[in-house]
Amino acid sequence: MSRDTLLAPQRKKNTNGVPLFKQKVTKLDVKLDNEVHYEFGGPIGVCAMMIGFPCLMYYFWVCLEYHQGRLIYPSSLSQVKPWIINEIWNKIKIGAYPSAWATQVYMGYVLFSFVLAYSMPGPVVEGLPIPSLNGQKLKYLCNGLSSWYLTLFVSFVCHVSGVFRLTHIIDHFGELMTVAILWGFFMSAVVYAVGIYSGKTHRMSGNFFYDFFMGATLNPRIGHVDLKMWAEIRLPWPVLFYLSLSCLLKQYETYGAVTAPAVFIVLAHFLYVNACQKGEECIPTSWDIFYEKNGFMLIFWNMAGVPFTYCYASIYMMKYQLTTGRAITHSLPYTVGIFSLLLVGYYIFDTGNSQKNRFRMEQNGSFIVRNAFPQLPWGHIKNPSYIKTEHGNLLLTSGWWGVARKPHYTADLMMAISWGLITGFDSFLPYFYFCFFLCVLVHRVSRDMERCAKKYGKDWERYCERVPYIFIPYVF
Ligand code: NDP
């Protein structure tokens, strides 16, 4: 089969009562897509973030690695400088030096995942019409699932055969994190420079720092691999999963047994990464793909931020046991409660995202049936109800989308808090992900609502009347 044939979209006739909408890009779409607003505090805010993110990652790493997750600080203002040198800088030099080993492992995985994204089999779907490309729809080869299964198999063989013991990952956490941080900056710079050089820039503000942070191009590609989609799901979530798995294996190797909280966190991360791969075909119609540009914000966060900060719960529990000799465990009712919170959150997250994205794919004519495990009941709504907008797009009002306007965010936050709760209440760090993610989603909601209100006008008001709550019915 030639690559052109492979990349032909696999259309299915729509039979679910959702009218196929031959989406055309309106003048308003183009206007909204081109509008530049300074977000995140403008150039000063984004510079602070570009400097602050890596500093924060190192600070938290020192707290976890050397102080059992306790937040440390200098004893007085005059001690700030020596404190930074002794407590932070000297520790980074010893424990987080970007060694050749860490570079080979991290970059080897980056390359491996890219080769899989390029070559593994999978269905092809079309994204939404892109205003800046005169409504053209890009095609996406969704081979995340086959790549994920192959990655699991290869890592299992490497671990069992002793070629690469997965416990080494957590033993070299600091080094790997530094390589990931450097790679995040390097890749952002290359993608930005190529975008400028090729002239395919979009929605530029004219301020270098702001544009570097937000990105220069919308959909940069190498061959048929969309770099943004690859970076969104192929790197961060699998690396996060392997970090947690590494902690679990370390616990087993050191103590000969595993605890329920350590199993919990591996299950939680497995569910997340698996959900991203099995539902990959839904991602081309998501906000990050059709609207966000591929800049430092997405690249750095996916390459370094997500895996190396969302994993604090696993590392905290492992370090706690290694330093105190006691494992973190909870009463049976508490453990069952947190497992239930995770699983209910996961169910709503999985089915909520599926319901909306499949509905949008039906409208787009790109819906395909996939039986990737697990297919949960109610993930696809038969004959859904919706609001038809003057723009032409349909707004789903059935399923979880009749209950709230962002049910998938609520579900994601339920999972996020469960990752912290499973560690107990002695350290803030396992809750960092929840706090950070809450801020991200609240900010995203306000940006998205503002955009939708402009795009759909009176129809958006009708939709908000029909589905009045954003996160939790009768609460908010
Ligand atoms: P959404 O899935 O909420 O997409 C927003 C867009 O969907 C809107 O702009 C609008 O697009 C369309 N839309 C909104 N309401 C409806 C409706 N009722 N019916 C049909 N279309 C609608 O955004 P995200 O891409 O932010 O989220 C996807 C998932 O990714 C979420 O579960 C989120 O939690 C997760 N996520 C996780 C992150 C992490 O770090 N863990 C980070 C970011 C996201 P249009 O203008 O085309 O109509």
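One structure accompanies this document, and this report is about it. (Residues numbered from 1 in each chain as written. Predicted model: local features only at pLDDT ≥ 70, side-chain atom pairs only at ≥ 80, totals over all residues. Heavy atoms only, no water.)

## Focus on the pairing of strand β2 (residues 136-141)
This is how it is decided: For two strands to pair, DSSP has to find at least two bridges joining them. The helix count covers DSSP runs of H or I at least four residues long, the strand count covers runs of E at least two residues long, and both are numbered beginning at the N terminus.
Where strand β1 (residues 124-130) and β2 come together, five bridges link them in antiparallel fashion. Pairing of I130 across the sheet is with Q136, part of β2.

## Notes on the nonpolar core
Keep this limit in mind: In this description, a nonpolar core means a group of buried Ala, Val, Leu, Ile, Met, Phe, Trp, Tyr and Cys residues linked to one another through side-chain atoms lying within 4.5 Å. Note on exposure labels: buried denotes an accessible area under 20% of the residue type's maximum, exposed denotes more than 50%, and partly exposed covers the range between, all computed with a 1.4 Å probe on protein chains only. Here a residue-residue contact requires only that any non-hydrogen atoms of the pair lie within 4.5 Å.
Formed by 141 residues in total, the largest nonpolar core has its most connected members in Y106, F173, W230, M303, F308, Y310 and W419. A total of 11 residues in this core trace back to one element, the largest contributor, which is helix α3 (residues 42-67). When residues no more than four places from it in sequence are discounted, the contact partners of M303 are Y106, A180, W183, G184, M187, W230, A231, L235 and F308.

## Observations regarding the site of the ligand
What counts here: Summary of the distance rule: residues count as near a molecule or strand when at least one heavy atom falls within 4 Å of that molecule or strand. Any pair of N or O atoms that falls within 3.5 Å is considered a polar contact. Within protein, one atom must be able to donate a hydrogen and the other to accept it, and sequence-neighbouring residues count only if both atoms are side-chain atoms. Only the protein chains shown count as covering a residue, and every accessible area follows the Shrake-Rupley method with a 1.4 Å probe.
By nearness alone, 28 residues border the ligand, and Y409, D412, R444, D448 and Y456 come closest of all. Between the ligand and L396 there is a distance of 2.9 Å, counted from a nitrogen atom to a backbone nitrogen or oxygen. Within the contact set of the ligand, an oxygen atom lies 2.5 Å away from a side-chain nitrogen or oxygen of D412. When the free accessible area of the ligand is taken as 930 Å², the share hidden by the protein chains comes to 92%. For the shell around the ligand, the element with the most residues is helix α18 (residues 432-456), which contributes eight residues.

## Thoughts on the pattern of salt bridges
Quick note on the threshold: Salt bridge criterion: a side-chain nitrogen from Lys or Arg within 4 Å of a carboxyl oxygen from Asp or Glu.
Under the counting rule described, the total for this entry stands at 19 salt bridges. We note a salt bridge from K455 to D29, for which the minimum N-O separation is 3.9 Å. Here K455, found in helix α18, pairs with D29, found in helix α2 (residues 27-34); they are 426 residues apart in sequence, far enough to count as distant. Here the two residues K455 and D29 agree in accessibility, since each one is buried. A salt bridge links R447 to E292; its shortest N-O distance comes to 2.8 Å. Taken together, the residues R447 in helix α18 and E292 in the loop between α13 (287-290) and α14 (296-309) connect sequence positions 155 residues apart. Take R447 and E292: they sit in the same class, and that class is buried. When salt bridges that share partners are traced, they join K31, E35, E450 and K454 into one network.

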